[in-house]
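Structural description and commentary
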Amino acid sequence: MWDDAFPSFLIGLREGLEAGLIVSILVATLVRAGAKNRLPQVWTGVLAAIALAMSFGAVLTFTAASLSATAQETFGGTLSIIAVAFVTAMVFWMRRSARSLSGEIKEKVTGALAMGSGMLIVTSFLAVGREGLETALFLWTTARAAGESVGPMVGAGIGLVIAAGLCWGLYRRVLKINLTRFFTATGVVLIVIAAGVLGYGLRDLQEGGVLPGKAAFAFDISQSVDPNAWYTTLVQGVLNLQPAMTWLQIAGYGAYLAVVMTLFVRGVRTAAKPAPAPRAAETKQAQPVEDKQPVEAASTDEKATGSKQDEEKSADEKAEPAAAAESGQDARPEPAAAGRKRPAWLVPVAVVAVPAVIAGGIVVFGKSKPAGAPTIAVSEKECGKGFTAPKPGRQTFQMQNTGDKTSEVYLVDPASNAVYGEIEGLAPGTTRDLVATIAGGSYAWRCVPTGGKAVTSAAVRVSGGGGAKAVVPVSEEDLAGPLRAYRKYVDAGLAKLADQTQQLSDDLAGDDLDAARTDWLTAHRTYSSLGAAYGTFEDFDKRINGRADGLPDGPRDKDFHGFHRIEYGLWHGASADELTGPAKQLHSDVLGLRKAFPTQDFDPGDLPLRSHEILENTLQFELTGDTDQGSGTNLATADANLTGTRELLDVLRPLITKRDPQLLTTIESDIARLQKLLDGAHHDGAWTPVEKLDATTRQKVNGVTGQLLEHLAPVPDLLEIRKSA
């Protein structure tokens, strides 16, 4: 979570410190001017700014949620680029203004005092409001890039709290901070983060169809890196760099970073050069009367000596009454207005409530609804209410659950039960968009409440239009035949495995370690080829093929059993006597599994899922070398997993071919490519360890496996069991 929180932490710290410094200077100036009675006006303006920022964030969140997927990409990409522009401007402005911030604020306060209480509220509101809006926009953008809001919100909250503490310390003279250096250092980091946000925004605009080059990738290393590794999450969370990026993203990222960072660093160097010393007479004439407030004194300690501060403070004390007189103000409280006195709480409540009310109105009445998008009821009693014959083409339907149960809803052809679109887990009282392509034919809605009866609405007829792709639903009965065939395959595999583990045990009992290594690999490959049944094996899989991950003593732990325990011993110098017990236990567990399997519950829906998951695990564990305990045979295991995937696809072939005839052709082409690469790593009965593959071959193996997984991904959806009325 911290990886996603860091960018928001930094923006919260910087923007919070900026706003806090402004408020501190406002308060200090009023206190020194003897106008403490005006402080409530400052806090009223600050509250109004906070309310505006929070309302702005709510509008961004809820209006974006009501957009279609494509519109969300466009909306998010546009706001990401706007956020980058705001952050860039803020970084440069603070670099220029850090030294003169106090003087500028004091001038505004003096003018506000002269123009009345309303202007002081406006001054504090405008001074803090900009930072608030920038924070809300950047926080929304980083949360969207992270795909979750908890991390960014926590990061921003911590940053704001620390900023408030720093400002309090500066005001109370208990801290000294070189703010120029602080804003310079954080500015450099923010420019790097903003470059990543820009790249993410450009990708969103490509996904939304606004910018070209959606499929023109500069690189794609998604199959070569571990998405769960700490360094991967760090780079993605902080820098918004992705494993796959298009040429446009790379160009935008690089150009922004090169231009903006160069200008920023050049500006810092220019500001660091000492200005020519003015002549004494010019200095005396041009020196402004500057009030050294506690905040400024703490933050610009490099600019003044103690004696100079005393002189300027004395001059300020003499100048303050004059400034107050010129502005028509004095230190006495203002007399109450004639007539009925206005309640003190009225203005603060109003300035906080007005932005919230306006934001609520925008959210409620300004939600984007696609033109002509009908609202369709989803429930047992009202399924399909509001549905009329749609026009041909791509259509959006707003599905509203009007019942009291979470429901699934399908747009179907009532004659064939083919599914054109679906929503799962539609909660009561919620509305979600369903997008489907409509062609000539018959359409109806099928509502399937959790724990309730499936209901199908009245059908409507659509004329004209081209072809619309639909998925013919699969029932448990459809999967019954493939399940029987696969069970038979597993039964035969377990019988063979029992003989092989017996042979492994005999090898060790006879002190033949070389034969044991050969027979270990044979047995392990047999077990690995039964991948689709792992979820059915229950606790047997952990005992037969468990890993040492998480065990206190690792591979030497007493609870480490099965194939990998024996592998570790065989390739780490253990004696045959040490391994005889684990080998007997492995054989016993295999016999137990063989006996239990016929009575174990094998969910038919697991078959389509496993068609993708077997090789997904292969990519995560075998092709990274994560499961290697010394034998260097991960590629042999990957080969066995590929065999298991091929067997599973064979039993599912009739169902897949009926629904997508071309899909199996593509998958089989990928399997052949991967098989060729794995065969190339097998020489004279020995397998090349994963870590010893040359970089090109390893990248090819990972890339082809990733492509095969991508083509296997539609199979679970294609063969998902769907309820019918």
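What counts, and where the lines are drawn
- As a convention, each chain's residues are numbered from 1 in the sequence order in which they are written.
- Whole-chain, interface and lining totals are the exception, using all residues; otherwise, since this is a predicted model, local features are given only for residues with pLDDT of at least 70 and side-chain atom pairs are given and counted only at 80 or more.
- The basis for every side-chain value is the complete set of heavy atoms in the structure, and neither hydrogens nor water enter the calculation.
- The way it works is that DSSP assigns letters per residue, a run of H or I at least four long becomes a helix, a run of E at least two long becomes a strand, and they are numbered from the N terminus.
- Note on contacts: a residue pair is in contact if any heavy atoms of the two residues lie within 4.5 Å.
- Values of accessible area rely on a 1.4 Å probe in the Shrake-Rupley scheme; residue burial ignores everything except the protein chains shown.
- Pairing between strands requires that DSSP locate at least two bridges from one strand to the other.
- Here the axes come from fitting lines to C-alpha atoms, over the contacting stretch only for helices, and the angles between their N-to-C directions go from 0 to 180 degrees.
- Note on patches: the residues involved have over 30% relative accessible area and no salt bridge, like charges join within 9 Å, and the nonpolar side chains Val, Leu, Ile, Met, Phe, Trp and Tyr join within 5 Å.
- Should a side-chain nitrogen of Lys or Arg be within 4 Å of a carboxyl oxygen of Asp or Glu, the pair is scored as a salt bridge.
- None of His or the chain ends enter the tally, which takes Lys and Arg as positive and Asp and Glu as negative.
- Charge coordinates come from a single atom per side chain, which is NZ of Lys, CZ of Arg, CG of Asp or CD of Glu.
- When accessible area is computed with a 1.4 Å probe and restricted to protein chains, residues below 20% of their type maximum are described as buried, those above 50% as exposed, and intermediate ones as partly exposed.
- Any N or O atom pair separated by 3.5 Å or less is treated as a polar contact, with the protein-specific requirement of one donor-capable and one acceptor-capable atom, and with residues adjacent in sequence counted only for side-chain atom pairs.
- An expected span of 1.5 Å times one less than the residue number is assigned to each helix.
- A score between 0 and 100, pLDDT records how confident the predictor is in each residue.
- Here is the rule for angles: anything less than 35 degrees is roughly parallel, anything more than 145 is roughly antiparallel, 65 through 115 is roughly perpendicular, and the remaining ranges are oblique.
- Should the near helix be turned counterclockwise from the far one by less than a right angle, the crossing is left-handed, whereas a clockwise turn marks it as right-handed.
- Only Asp, Glu, Lys and Arg are considered charged, only Ala, Val, Leu, Ile, Met, Phe, Trp, Tyr, Cys and Pro nonpolar, and every remaining residue, Gly among them, polar.
- Each aromatic pair joins two rings of Phe, Tyr and Trp (for Trp, the six-membered one) with centres within 6.5 Å, and gets the label stacked for planes under 30 degrees apart, edge-to-face for over 60, and tilted for any other angle.
- Whether a charge lies above a ring is judged from NZ of Lys or CZ of Arg, which has to be within 6 Å of the ring centre and within 35 degrees of the ring normal.

Thoughts on the overall build of the chain
If you tally the helices and strands in the chain, you get 23 helices and 12 strands. Of the contacts made within the chain by residues no fewer than 6 positions apart, 77% connect residues no fewer than 24 positions apart. As displayed, the chain has an accessible area near 35,300 Å², and 58% of this comes from carbon and sulfur atoms.

Topic: the sheet that holds strand β4 (residues 393-401)
The strand order across the open sheet formed by three strands is β3-β4-β7, and the pairing between neighbours is mixed. Only two strands of the sheet have a single neighbouring strand rather than two, namely β3 (375-378) and β7 (431-438). Strand-to-strand twist across the sheet, computed as the mean angle between neighbouring axes with direction ignored, equals 35 degrees. Sheet topology places β4 next to β7; eight bridges connect them, and they run antiparallel. Residue pairing in the sheet places Arg394 in a bridge with Thr437 of β7.

Focus on a negative patch on the surface
Taken together, the side chains of Glu476, Glu477, Asp478, Glu538, Asp539, Asp601 and Asp603 define an acidic patch exposed on the protein surface. In terms of residue count, helix α14 (residues 476-509) provides more of the negative patch than any other element does, three residues in total. Mapped onto the fold, Asp478 is located in helix α14. Residue Asp478 is classed as partly exposed on the basis of its relative accessible area, which comes to 31%.

A closer look at the pattern of salt bridges
Side-chain pairs of opposite charge can arise whenever the charged atoms involved come near each other. Inspection of every chain in the model, using the stated rule, returns 11 salt bridges. Across the pair Lys385 and Glu382 runs a salt bridge whose closest N-O atoms are separated by 3.6 Å. Using a relative accessible area of 54% as the deciding quantity, one classes Lys385 as exposed. A relative accessible area of 29% means that Glu382 is categorised as partly exposed. Note that Arg517 and Asp514 form a salt bridge whose closest N and O atoms lie 3.0 Å from each other. Taken as a pair, Arg517 and Asp514 lie in helix α15 (residues 513-528) at a separation of three residues, close to a single helical turn.

As for the pairing of strand β6 (residues 419-426)
Of the pairings in the sheet, the one linking strand β5 (residues 407-412) to β6 comprises five bridges and is antiparallel in character. Bridging across to β6, Tyr410 finds its partner in Glu422. What sits between the antiparallel neighbours β5 and β6 is a turn of six residues, in which Asn417 has the positive phi angle 65 degrees.

What about the side chain of Ser631?
Here Ser631 lies in the loop between α19 (606-622) and α20 (634-659). Side-chain polar atoms of Ser631 contact the side chain of Glu567, separated by 2.5 Å. A polar contact is formed between the side chain of Ser631 and the side chain of Thr633, at a distance of 2.7 Å.

Looking at helix α18 (residues 576-596)
A rise of 1.5 Å per residue sets the reference length of α18, with its 21 residues, at 30 Å; its end C-alpha atoms lie 30 Å apart and thus fit the reference within 8%. For α18, every residue scored as buried is listed here: Ala576, Leu579, Thr580, Ala583, Leu586, His587, Asp589, Val590, Leu593 and Ala596. Packing partners of the buried residues in α18 comprise α14, α15, α16 (539-545) and α17 (563-570).

Remarks on the confidence of the model for the chain
On average, residues of the chain score 77 in pLDDT, and 73% of them are at 70 or above. Of all the helices and strands in the chain, helix α12 (residues 306-326) carries the lowest mean pLDDT, 40, while α15 carries the highest, 96. Within the model, pLDDT remains below 50 along residues 278-339, and this stretch shows 67 contacts once partners closer than five positions in the same chain are excluded.

Description of the packing of α15 against α17
Between α15 and α17, the shortest axis-to-axis distance is 11 Å and the interhelical angle comes to 150 degrees. When the interaxial angle is binned, α15 and α17 end up roughly antiparallel. Crossing of α15 against α17: the hand is left-handed. From α15, Leu513, Ala516, Arg517, Trp520, Ala523, His524 and Tyr527 reach across to α17, where they touch Phe563, His564, Ile566, Glu567 and Leu570. Here the contact of α15 with α17 is composed, by residue class, of eight nonpolar, two polar and two charged.

Some points on the side chain of Asp639
Along the chain, Asp639 falls in helix α20. There is a polar contact of 2.7 Å between the side chain of Asp639 and the side chain of Gln675.

Digging into helix α21 (residues 661-679)
Taking 1.5 Å of rise per residue, the 19 residues of α21 would be expected to cover 27 Å, and the 28 Å separating its terminal C-alpha atoms lies within 8% of that figure. Tucked into the core, α21 has its buried residues touching α20, β11 (682-683), β12 (686-687), α22 (695-712) and α23 (714-718).

Here we look at unusual backbone geometry
The phi dihedral of Asn417 is positive, around 65 degrees, even though this residue is not glycine. Inspection of the secondary structure puts Asn417 in the loop between β5 and β6. For Asp511, which is not glycine, the phi dihedral falls at a positive 60 degrees. Relative to the assigned elements, Asp511 resides in the loop between α14 and α15.

Considering the packing of aromatic side chains
On inspection of all chains with the given rule, the structure shows 10 aromatic pairs. Centre to centre, the rings of Tyr420 and Tyr443 are 4.9 Å apart; their planes meet at 50 degrees, and the pair counts as tilted. With Tyr420 in strand β6 and Tyr443 in strand β8 (residues 441-449), this pair connects stretches of sequence that are 23 residues apart. The exposure class assigned to Tyr420 is buried, which follows from its relative accessible area of 18%. Judged by relative accessible area, Tyr443 falls into the buried class, the value being 0%. A network of ring pairs unites the aromatic residues Trp520, Tyr527, Phe563 and Trp571 as a single cluster. Just above the ring of Phe597 sits the side chain of Arg487; from NZ or CZ to the centre is 5.0 Å.

Things to note about the packing of α19 against α22
Between α19 and α22, whose axes approach to 9 Å, the crossing angle comes to 160 degrees. Classified by the angle their axes make, α19 and α22 are roughly antiparallel. In this structure, α19 crosses over α22, and the sense of that crossing is left-handed. Contacts from Ser611, His612, Leu615, Glu616 and Leu619 of α19 reach α22 at Asn702, Thr705, Leu708, Leu709 and Leu712. Split into classes, the residues belonging to the contact of α19 with α22 amount to five nonpolar, four polar and one charged.

A few points about a nonpolar patch on the surface
Together, Val150, Val154, Ile158 and Ile162 line one region of the surface with nonpolar side chains, adding up to about 290 Å² of accessible area. Among the secondary structure elements, Ile162 is positioned in helix α6 (residues 150-171).

Some remarks on the environment of Phe540
Its location among the elements puts Phe540 in helix α16. According to the relative accessible area criterion, Phe540 is buried, its value standing at 14%. For the pair Phe540 and Leu593, spaced 53 residues apart in sequence, the C-alpha separation works out to 6.3 Å.

Digging into the environment of Gln249
Relative to the helices and strands, Gln249 resides in helix α9 (residues 247-272). When the C-alpha atoms of Gln249 and Ala218 are compared, they prove to be 8.7 Å apart, with 31 residues separating the residues in sequence. Gln249 has contacts with Gly199, Tyr200, Leu202, Arg203, Gln206 and Ala244, leaving out every residue within four places of it along the chain. Only 3.1 Å separates the side chain of Gln249 from the backbone oxygen of Gly199, close enough to count as a polar contact.

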